[in-house]
Amino acid sequence: MSAPERALARVDLGAVERNCAHLRSLLAEGAELCAVVKANGYGHGDVWCARAALRGGATWLAVATAAEALELRRHGIAARILVQGALTHAEERMALEAGADVVAWREGFVRGLAERAAANGAPARVHVKLDTGMGRLGTTDPAEARAVADLIAADARLELAGLMTHFATADELGDEHFALQLERFHAWVDETRAAHPGAIAHAANSAATFRDRGAHFDLVRCGIAIYGLDPFQRDPSERGLEPALSLESYVAAIKRFEPGQSAGYGRTWSASEPTDVGVVPIGYGDGFRRALSGDADVLVRGRRRPLRGTVSMDNLTIDLGSGGDVEEGDRAVLIGAQGGERILCEEVARRSETINYEVTCALTARVRRAHVEP
Ligand SMILES: *Cc1c(COP(=O)(O)O)cnc(C)c1O
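Residues numbered from 1 in each chain as written. Predicted model: local features only at pLDDT ≥ 70, side-chain atom pairs only at ≥ 80, totals over all residues. Heavy atoms only, no water.

Colleague: Would you explain the packing of helix H1 (residues 13–26) against helix H3 (residues 46–55) in this entry?
Modeller: Helix-helix packing is described using two parameters, namely the angle between the two axes and the distance between the axes. Where H1 contacts H3, the two axes come as close as 7 Å, and the packing angle between them is 45 degrees. Here H3 runs oblique to H1, going by the angle between their axes. Handedness of the H1/H3 crossing: right-handed. Packed against H1, whose contacting residues are Leu 13, Val 16, Glu 17 and Cys 20, the element H3 presents Trp 48, Cys 49, Ala 52, Ala 53 and Arg 55 at the interface. (Axes fitted to C-alpha atoms, helices over the stretch in contact; angles between N-to-C directions. Helix = DSSP H or I, 4+ residues; strand = E, 2+ residues; numbered from the N terminus. Parallel < 35°, antiparallel > 145°, perpendicular 65-115°, else oblique. Left-handed = near helix turned anticlockwise from the far one by under 90°. Contact = heavy atoms within 4.5 Å.)

This is the structure:
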């Protein structure tokens, strides 16, 4: 094995590929997989993960911003890309330049888009968004959404590519809002597609994909699951997912603490008995959140070592006990497996009172990504 590094996120692209193949195997007849690689592939590396997802059977990609779409194109990715976010005029031009599909829900936006598409020389592909209960982007009025769809379909500079919505509570099993949203979307899609049979319909994120085949329509938009993370914050293996990312550092220094000696800012922890404290040179400057202060474990030599004191920007401290079994230079795993022991991203999320999405997105550019090809 190579020498340890200060802060390394290893991304197993084979896992991303297998997660996509697994998701595809769950899909309703005729539905395709759109891999969501926004926010640098949830911190995993967008271009690398996009390619792995396409190898795993995804046929579409989705991002949040126009710049993200352009970045994929710059790396030669030719697949359909849906830019899901709201767009400023500058972003609209960038999305058109990238040949990406965009989302609309207002007539004014569509009229401006048509003019810019004409200047771009190719029809712009547009997906109309109905807000069925997410309370974010899209119109809540099915009649307005229908009028926008009609306007797009009637304009040669535009193409009505899709009809979409987004769920607010797909990850809350047993919740009734999900069924309500699905029902509203179904009604609108049935009516709109009677007039525009060429438009595809899509609604499901990862949670909805697992939860209800009736939400698959023509395309599912999966993000979190392609990275092997569980949308329900449980153990991903329960749903056949393999976490792709591991985060590691190393033990840079070990020192013997006597009772009363403290570690880190604010002296929030001090030794109650003689023990060895290891310093791991990774911190919130790398995206390992300060909220984990005093509440995380780090694996060294295949055993859980409790984090002590406050996480600082560049370092954290762990209790190695008095066994003397750890040496300076030993590898330290913050997310992932070592020996028979394992720390899931979902555990780190729970202990820092957030969700797995935010744990991997938080990893900063200072953490080197190593993409492991299958
Ligand atoms: C991020 C996003 C997704 C993917 O959601 P996951 O829960 O990560 O699968 C799907 N659709 C939209 C509109 C999104 O913003």
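Colleague: Can you walk me through the pairing of strand E16 (residues 331–338) in this structure?
Modeller: Regular strands place side chains that alternate from one sheet face to the opposite one. Judged by how many residues are buried, E16 sits mostly within the fold: 7 of 8 residues are covered. With 4 bridges joining them, strand E10 (residues 245–250) and E16 adopt antiparallel strand pairing. For Leu 247, the partnering residue across the bridge sits in E16 and is Ile 335. As paired strands, E16 and strand E17 (residues 341–343) are joined by 3 bridges and run antiparallel to one another. Note that in E17 the partner of Gly 336 across the bridge is Ile 343. Counting the residues between successive antiparallel strands, the hairpin from E16 to E17 contains 2 residues, one of them, Gly 339, with a positive phi of roughly 60 degrees. (Buried < 20%, exposed > 50% of the residue type's maximum accessible area, 1.4 Å probe, protein only. Pairing = 2+ DSSP bridges.)

Colleague: Help me out: how do you make sense of the environment of Asp 175 in this one?
Modeller: Position of Asp 175 relative to the elements: it lies in the loop between strand E7 (158–164) and helix H8 (177–195). Not counting residues up to four positions away in its chain, the partners in contact with Asp 175 are Thr 169 and Arg 211. A polar side-chain atom of Asp 175 sits 3.0 Å from the main-chain amide nitrogen of His 177. (Polar contact = N/O pair within 3.5 Å; in protein donor to acceptor, adjacent residues only side chain to side chain.)

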